[in-house]
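# Observations on chain architecture
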Amino acid sequence: MMGNVAARYDVSNKDEVKITPNKPDVMSIANPFDLMKPGTNYVLNVDQGTAGQKCTDACGYDCGFKPSEYLSWLIRTPAIPEPTVECGPSSLSVYIPKGFAEGVKPNKLRFIDNWSRKCFAQTFNSTHYKMTTGYEECGTVAERPAPGRLIFKNVVRDVPMPIAKGQPVTRSHRQIKINVTCEVEGLDYYDVSFTPSDAIEAITVRGQSRLNTMLKLYTDDTFSREYTKEDMPTAVDLNQRMFFGLEAVNKGKDLQIVSCTATPKQKAGCKADKYTFIKDGCPVDPTLQFEQAFNRYERRFSMDAFSFMFTGLTEEVLVKCTTAICKPGDLDSLCTQLSWQSCPSDTILIPSKSDVMADVVVPIGG
């Protein structure tokens with residue numbers, strides 16, 4: 001027999017196979033559906049001699065016992081139904097088949113705003129979970145493509161394991177991601193609006209700044225080709241190696257990395273997560289590695305890609321690094337302190353008067 005056996009029954013065991021007294025030609029077995037995979041072909045085999053009947057000849061004499069022949073039937077289990085959404089005038093409900101979310105508990109299925117329990121899935125019946133939110137709740141986003149027409153969007157995701165306890169990022173793939181869209185016609189948030197007067201004339205202030213550092217994302221470990229502005233945000237796979245380079249605009253200066261953090265571009269709810277992977281010049285993420293740089297005005301590092309456990313509609317990540325730009329040869333500079341320290345370190349870093357602290361940001365797609 002080809003393939004794996006989902007269930008086997010012994011006709012001699014009355015607990016496994018039952019024969020109804022008033023229908024002796026019908027055998028009943030327990031439903032093996034729970035042991036079978038949805039949307040899969042199976043073969044029901046009945047061995048020769050499983051049943052039989054008494055034989056009589058043309059004259060009515062007993063001619064013995066005639067065993068049943070070998071029989072088989074092709075069976076296909078129904079596929080798992082897909083999630084559905086029910087759009088109301090002021091709220092939406094998502095119905096998720098339990099088979100679709102196999103292995104994921106309902107409290108791990110959440111809308112964008114995942115901090116409120118009302119944004120978690122609840123058991124609806126024996127076959128489905130249900131998630132309901134108002135159009136102004138659980139992080140639902142409204143888009144207005146035309147007057148009198150609104151499109152509401154949200155995302156249902158499961159909660160993956162963090163890279164470490166208490167950290168907001170993960171390197172585990174999600175099992176569930178459901179993009180939810182409801183289009184409501186005849187509803188417009190902007191039909192009635194007003195602008196309160198603050199009773200004071202506004203003033204305009206302007207300032208200027210100069211870019212001191214460039215943060216670049218490279219395609220590979222040769223650091224020969226960087227992603228361009230048109231490539232951003234760059235799509236990466238979880239655990240894909242990413243290669244970063246930092247350069248001082250002024251090539252006559254020293255540069256050292258003070259810290260680097262990541263934040264989701266679209267936060268989930270009112271809480272914005274932040275993941276620090278370089279702190280006080282030392283790597284915090286276990287996959288981070290400083291790479292060789294050949295000039296004093298540049299630094300390089302690489303790390304495995306991650307995603308935030310809780311984000312908005314998109315999973316775009318912003319990487320921000322703070323650097324120290326120092327005068328070469330200044331023994332009191334932050335660059336000198338960072339280059340001399342060993343990691344991990346509890347050294348208190350103190351910039352010198354000539355040091356320049358610079359922040360730079362680059363977007364990365366999820």
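As shown above, the structure is provided for reference.
Think of each chain on its own: its residues are numbered from 1, step by step along the sequence as written. Restriction of local features to residues with pLDDT of at least 70 applies here, the model being predicted, together with a cutoff of 80 or more for giving and counting side-chain atom pairs; totals for whole chains, interfaces and linings are based on all residues. Each side-chain value is derived from all of the structure's non-hydrogen atoms; neither hydrogens nor water enter the calculation.

## Quick word on the overall build of the chain
Of regular secondary structure, the chain possesses one helix and 26 strands. Burial classes follow relative accessibility: with a 1.4 Å probe on protein chains only, a residue under 20% of its type's maximum area counts as buried, one over 50% as exposed, and anything between as partly exposed. Residues counted as buried form 35% of the 366 residues belonging to the chain. Contacts were defined at the residue level, with two residues in contact if any of their heavy atoms lie within 4.5 Å. Long-range contacts, defined as pairs at least 24 residues apart, comprise 65% of the intrachain contacts of the chain with a sequence gap of at least 6. The Shrake-Rupley method, run with a 1.4 Å probe, gives the accessible areas here. Residue values count only the displayed protein chains as cover. Carbon and sulfur atoms make up 51% of the accessible area of the chain, which amounts to about 23400 Å² in all. Helix and strand definitions here come from DSSP, where helices need a minimum of 4 consecutive H or I residues and strands a minimum of 2 consecutive E residues; each element is numbered from the N-terminal end.

## Brief notes about the sheet that holds strand β23 (residues 298-304)
Only strands that DSSP links by at least two bridges are regarded as paired with each other. Ordered by their spatial adjacency, four strands build an open sheet running β16-β18-β23-β22, and the pairing between neighbours is antiparallel. The sheet is open, and its two borders are formed by β16 (213-218) and β22 (289-291), each paired with just one other strand. With direction set aside, neighbouring strand axes in the sheet form an average angle of 25°. Pairing of β22 with β23, which is carried by three bridges, proceeds in the antiparallel orientation. Following the sheet pairing, Gln289 is matched in β23 by Ser302. Axis definition: a line fitted to C-alpha atoms, limited for helices to the stretch in contact. Angles are taken between N-to-C directions and run from 0 to 180 degrees.

## Things to note about the sheet that holds strand β10 (residues 122-123)
Sheet architecture is open: four strands sit in the order β7-β8-β11-β10, paired in antiparallel fashion. Lying at the two open borders of the sheet, with one neighbouring strand each, are β7 (84-87) and β10. Bridge count for β7 against strand β8 (residues 91-97) is four bridges, and the pairing is antiparallel. Paired with Glu86 across the bridge in β8 is Ser93.

## A few points about the packing of aromatic side chains
Note on aromatic pairs: the rings of Phe, Tyr and Trp (six-membered ring only in Trp) are paired at centre separations within 6.5 Å, and the planes decide the class, stacked below 30 degrees, edge-to-face beyond 60, tilted for the rest. With the rule as written, the count across this model stands at nine aromatic pairs. Judged by centre distance (6.3 Å) and plane angle (75°), the rings of Phe306 and Phe308 are edge-to-face. Three or more aromatic residues link up through ring pairs in this structure, and these residues are Phe244, Tyr275, Phe277, Phe301, Phe306 and Phe308. Between the NZ or CZ atom of Arg225 and the centre of the ring of Tyr227, over which it lies, the distance is 6.0 Å. Placement of a positive charge over a ring is assigned whenever Lys NZ or Arg CZ falls within 6 Å of the ring centre and within 35 degrees of the normal to the ring plane.

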